[in-house]
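Okay, here's what each chain looks like letter by letter:
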Amino acid sequence: MKAIIDIKSLKKDYHVGEVTVHALRGVDLEIRQGEFVAIMGASGSGKSTMLNIIGCLDRPTEGTYLLDGVDVASMSKNESAMIRNLKIGFVFQSYNLLSRTSALENVELPLMYNPIIKARERRERAIAALEAVGLADRMGHMPNQLSGGQQQRVAIARSLVNDPVVILADEATGNLDTRTSYEIMALFQELNLKGKTIVFVTHEPDIARCMTRSVVFRDGHIIREDEISNRLYAAEMIKALPVEEE
Amino acid sequence: MNLGNLIKVAINALKRNKMRSFLTMLGIIIGVASVITMLAIGQGSRKSIQDQIASMGSNMLFVMPGNMRMGGVQQGSSGSQRLTVGDVNAVRTECDAVIAVSPEVRSSGQAVYGNSNWPTTIYGGGEEYLEIKSWKVVSGRNITDSEAKGSAKVCLVGRTVADELFGEGVDPTGETVRFKNIPFKIIGVLGEKGQNSFGQDQDDVLIAPYTTVQKRILAQTHIQSIQMSARSAEESALAQTQVEEVLRRTHKLREDEDNDFMIRTQEELSTTMTSVTEILTILLGAIAGISLLVGGIGIMNIMYVSVTERTREIGLRMSIGGRGVDILLQFLIESILLSVFGGLIGILLGFGASAIVEALTSWPISVMWGSVILAFAVCTVIGVFFGWYPARRASSLDPIDALRFE
């Protein structure tokens, strides 16, 4: 499988006043197509910085980063905006849906920044994405009419709609209860089975065990990389949960 | 993002906060409406004064006796007997910029018909007198040249005099009215002029041949003034110079002597009167302009609030591929829409308010298209100007910080 993300000896320094913070101190990371990678680590370990750089929201101080074979480390702001629009899908902890905007319009949003896609195709693709996350019957709903799990599904549909090479999830289950978290994980696993490459930042070990590989950060270094051997399946985990009291 | 989408996004954002959008627009609405109304009122009062002055005569000039010296003693102008019918004839033959000229003499007294009487003023003029003074004859006929020169006992009556002596709306042509015991046959009725700009009733007049008034009433040979029409408004200055030259010669004034007469033109009168309203218009317009400026600052304020409030939205839009320019345009278009919509409503409101003022004051109020276009242009500029800094701030946010913003 080809490498979607190819990072070599990547460093990132922040200047906070006089002090220089070394957020990443030389990281090598390769993520291949079809992988579902957990990025773990305590806060301040550099995992968020890593995700921002992978997502082209931030640029490395040193090192190389090839995304889908393209060098994105030294791109201008506008060029990285275009790369984000075409190749990356983001899923955030707090969903970040536009309020008072229907689920469908929220999902359409990334395609509006792509001038090649016309209104009709945009709508069709958004509908398809919402169907893929099981919300075909909620398209006209506003975010405040949806549960947390449903809102996150809308956000996942939004990350899918531009058919990205990689989906970046930043603690996407952090605001959800256990059952809903497993439901969302089941959806991610389903997408992964269909061939989507997913990078998922989490600090919950049971969530991480749903993925194919885990990468652990500490103090700006990768300290462990493991293939997950006894992988969990979220769909089965839900069945194991005690029945909800109505 | 293309322009159509940007406008759609901006309209949706404004719809999401209907009340706030409306209140923000209100500043612009009031500003534009007041600019338009104030300028319309200014223009209206100016036009009303111009109309009144125009009703006094057409491109009129008049000569009045001026100050003169008698052995070093300054005399007032009222006693001067320097203007004569000879001056009138000299002006008629020599000044080609003057197309109509007539002597004017006047006397106040009581007009009597049967058992009614009315205090009025009799004006004596020539055949061209009515034309110069923009009088219309609505019934009967004008004084003829031979009547004018032959001191015929005929007169035209103004509407007020006719109403007072003969009754409301009665046509007294053919009747005889007595003025200072002299019987005058009424040969015509004058059209209504209404009040002049000094509040004087212009219809309270009798007009008779100047010779009749001179000989039979005043018993004098001089005239009180010379009334003239210039060929056009542009030539009234030329006419003024020509008349001055002629009169200086007929009055045999030496080079170093001052004029013993005064020439006034309708132009001068009109300029003096309208300069006051012009100052008023500028003043009103300036005050209204300030309210428009305050409205613009209101937009800027709300746009700043909006940018802060929607920091996470901005972060999200950037993370899914929005470029700085997309974000900048999004907010800029929002503020332009606010001010342009506000401007449009303000223009409508301005028309409405002008119509109300017109109904209340009966001034010929006219909304100037120039002021509408100006208001609209100013609104767009305000939208861009006051929207620029908030939009600029939005577009320069760092997506990572913006997404994390609480």
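Residues numbered from 1 in each chain as written. Chains lettered and ligands numbered in written order. Predicted model: local features only at pLDDT ≥ 70, side-chain atom pairs only at ≥ 80, totals over all residues. Heavy atoms only, no water.

## As for the packing of aromatic side chains
Line of reasoning, step 1. This model, assessed by the stated rule, comprises seven aromatic pairs over all chains.
Line of reasoning, step 2. Feature note: the residues Phe-36, Phe-188 and Phe-200 of chain A constitute an aromatic cluster, connected by ring pairs.
Line of reasoning, step 3. The ring of Trp-135 of chain B is capped by Lys-193 of chain B, whose NZ or CZ atom sits 4.3 Å from the centre of that ring. (Phe/Tyr/Trp six-rings, centres within 6.5 Å; stacked < 30°, edge-to-face > 60°. Lys NZ or Arg CZ within 6 Å of the ring centre and 35° of its normal.)

## Some words on the nonpolar core
Line of reasoning, step 1. If you look at the biggest cluster of nonpolar residues, it comprises 79 residues, and the most contacted ones within it are Ile-5, Met-50, Ile-54, Tyr-65 and Leu-67 of chain A.
Line of reasoning, step 2. Every residue in contact with Met-50 of chain A, bar those within four places of it in the chain, is listed here: Ile-7, Leu-10, Leu-24, Val-27, Ile-39 and Phe-217 of chain A.
Line of reasoning, step 3. Counting residues in hydrophobic clusters, the runner-up holds 53 residues, among them Ala-97, Val-101, Ala-111 and Ile-143 of chain B. (Core = buried A, V, L, I, M, F, W, Y, C linked by side-chain atoms within 4.5 Å. Buried < 20%, exposed > 50% of the residue type's maximum accessible area, 1.4 Å probe, protein only. Contact = heavy atoms within 4.5 Å.)

## Regarding empty space enclosed by the protein
Line of reasoning, step 1. Within this structure, the stated rule accounts for three cavities of 30 Å³ or more.
Line of reasoning, step 2. Considering only enclosed or pocket space, the largest cavity measures out at about 100 Å³ in volume.
Line of reasoning, step 3. Those elements that place two or more of their residues in the lining of the largest cavity are helix H1 (3-16), helix H2 (18-55), helix H9 (266-309) and helix H11 (324-361) of chain B.
Line of reasoning, step 4. Estimates place the volume of the second largest cavity at around 40 Å³.
Line of reasoning, step 5. Taken together, Ile-53, Cys-56, Asp-58, Arg-59, Pro-60, Tyr-65, Val-72, Ala-73 and Ser-80 of chain A form the lining of the second largest cavity.
Line of reasoning, step 6. Residue composition of the lining of the second largest cavity, grouped by class: six nonpolar, one polar and two charged. (1 Å grid on protein atoms, 1.4 Å probe; cavity = no way out; pocket = protein on both sides within 12 Å on 5 of 7 lines; lining within 4 Å. Points joined across faces, edges and corners; volume = space filled by probe spheres on them. Helix = DSSP H or I, 4+ residues; strand = E, 2+ residues; numbered from the N terminus. Nonpolar A, V, L, I, M, F, W, Y, C, P; charged D, E, K, R; others polar.)

## Describing the interface of chain B and chain A
By a widespread convention, an interface's size corresponds to the accessible area lost as its parts come together.
Line of reasoning, step 1. Counting from both sides, the interface comprises 24 residues of chain B and, opposite them, 22 residues of chain A.
Line of reasoning, step 2. Per-residue buried area on chain B facing chain A is highest for Arg-16, Leu-316 and Ile-320 of chain B; these three make up 29% of the total on that side.
Line of reasoning, step 3. Joining chain B to chain A, the criterion identifies zero salt bridges.
Line of reasoning, step 4. For the pair chain B and chain A, the number of links is seven residue pairs in polar contact (both at pLDDT 80 or more).
Line of reasoning, step 5. The residue makeup of the side of chain B that touches chain A, split by class, is nine nonpolar, seven polar and eight charged. (Buried area = accessible area lost by both parts, 1.4 Å probe. Salt bridge = Lys/Arg side-chain N within 4 Å of Asp/Glu carboxyl O. Polar contact = N/O pair within 3.5 Å; in protein donor to acceptor, adjacent residues only side chain to side chain.)

## Some words on the pattern of salt bridges
Residue and element names in this part refer to chain B.
Line of reasoning, step 1. Scanning the model with the defined rule gives 31 salt bridges over all chains in all.
Line of reasoning, step 2. Put simply, Glu-313 and Arg-317 hold a salt bridge, and the shortest N to O gap is 2.8 Å. Taken together, the residues span about one helical turn, with Glu-313 and Arg-317 both in helix H10 (residues 311-319) at a distance of four residues.
Line of reasoning, step 3. On the basis of relative accessibility, which here comes to 11%, the residue Glu-313 falls in the buried class.
Line of reasoning, step 4. The class of Arg-317 is buried, set by a relative accessible area of 2%.
Line of reasoning, step 5. Across the pair Arg-323 and Asp-326 runs a salt bridge whose closest N-O atoms are separated by 3.3 Å.
Line of reasoning, step 6. Residues joined in a network through salt bridges with shared partners are Arg-310, Glu-313, Arg-317 and Glu-334.

## With respect to the side chain of Asp-163 of chain B
All names here are of chain B.
Line of reasoning, step 1. As for its placement among the helices and strands, Asp-163 is situated in helix H6 (residues 159-166).
Line of reasoning, step 2. A polar atom in the side chain of Asp-163 sits 3.1 Å from the backbone nitrogen of Gly-169.
Line of reasoning, step 3. In contact with Asp-163, other than residues within four places in its own chain, are Glu-168 and Gly-169.

## Focus on the sheet that holds strand E1 (residues 3-16) of chain A
All names here are of chain A.
Line of reasoning, step 1. An order of E2-E1-E4-E5 is seen for the four strands of this open sheet, with the pairing classed as antiparallel. Whereas interior strands pair on both sides, the edge strands pair on one side only; in this sheet they are strand E2 (19-32) and strand E5 (70-71).
Line of reasoning, step 2. By the bridge criterion, 11 bridges tie E1 to E2 in an arrangement that is antiparallel. Its bridge partner being in E2, Val-16 is matched across the sheet by Val-19.
Line of reasoning, step 3. Against the sheet, helix H1 (residues 47-54) touches E1, E2 and strand E4 (62-67), its axis set at about 120° to E1. (Pairing = 2+ DSSP bridges. Axes fitted to C-alpha atoms, helices over the stretch in contact; angles between N-to-C directions.)

## Focus: the packing of helix H5 (residues 148-160) of chain A against helix H6 (residues 178-193) of chain A
Residue and element names in this part refer to chain A.
Line of reasoning, step 1. One way to put it is that H5 packs onto H6 with a least axis distance of 10 Å and a crossing angle of 20°. Classified by the interaxial angle, the pair formed by H5 and H6 is roughly parallel. Our pair here, H5 against H6, has a crossing hand that is right-handed. Side by side, H5 and H6 meet where Gly-149, Gln-152, Arg-153, Ile-156 and Leu-160 of the first sit next to Thr-180, Glu-183, Ile-184, Leu-187, Phe-188 and Leu-191 of the second. (Parallel < 35°, antiparallel > 145°, perpendicular 65-115°, else oblique. Left-handed = near helix turned anticlockwise from the far one by under 90°.)

## A short note on helix H3 (residues 85-94) of chain B
Residue and element names in this part refer to chain B.
Line of reasoning, step 1. Here H3 has its buried residues at Asp-87, Val-88, Ala-90 and Val-91. Each buried residue of H3 sits inside an arc of 165° when the element is viewed along its axis, so together they form one side.
Line of reasoning, step 2. Those residues of H3 hidden inside the fold are in contact with strand E4 (98-113), strand E11 (225-230) and helix H8 (236-250). (Arc of directions from axis to C-beta.)

## Details of the confidence of the model for chain B
Line of reasoning, step 1. Predicted confidence across chain B gives a mean pLDDT of 87, with 96% of residues reaching 70 or more.
Line of reasoning, step 2. Here strand E2 (residues 68-70) of chain B is the element of chain B with the lowest mean pLDDT, 60, and H10 of chain B is the one with the highest, 94. (pLDDT = per-residue confidence, 0-100.)

## Describing the sheet that holds strand E10 (residues 221-227) of chain A
Residue and element names in this part refer to chain A.
Line of reasoning, step 1. Across the sheet, six strands lie side by side as E6-E7-E8-E3-E9-E10; this open sheet has mixed pairing. Edge positions in the open sheet fall to strand E6 (88-91) and E10, since each of these has one partner strand only. Sheet twist, expressed as the average angle between the axes of neighbouring strands with direction ignored, equals 20°.
Line of reasoning, step 2. Sheet topology places strand E3 (residues 36-41) next to strand E8 (residues 198-201); four bridges connect them, and they run parallel. Considered in E8, the bridge of Ala-38 is made with Phe-200.

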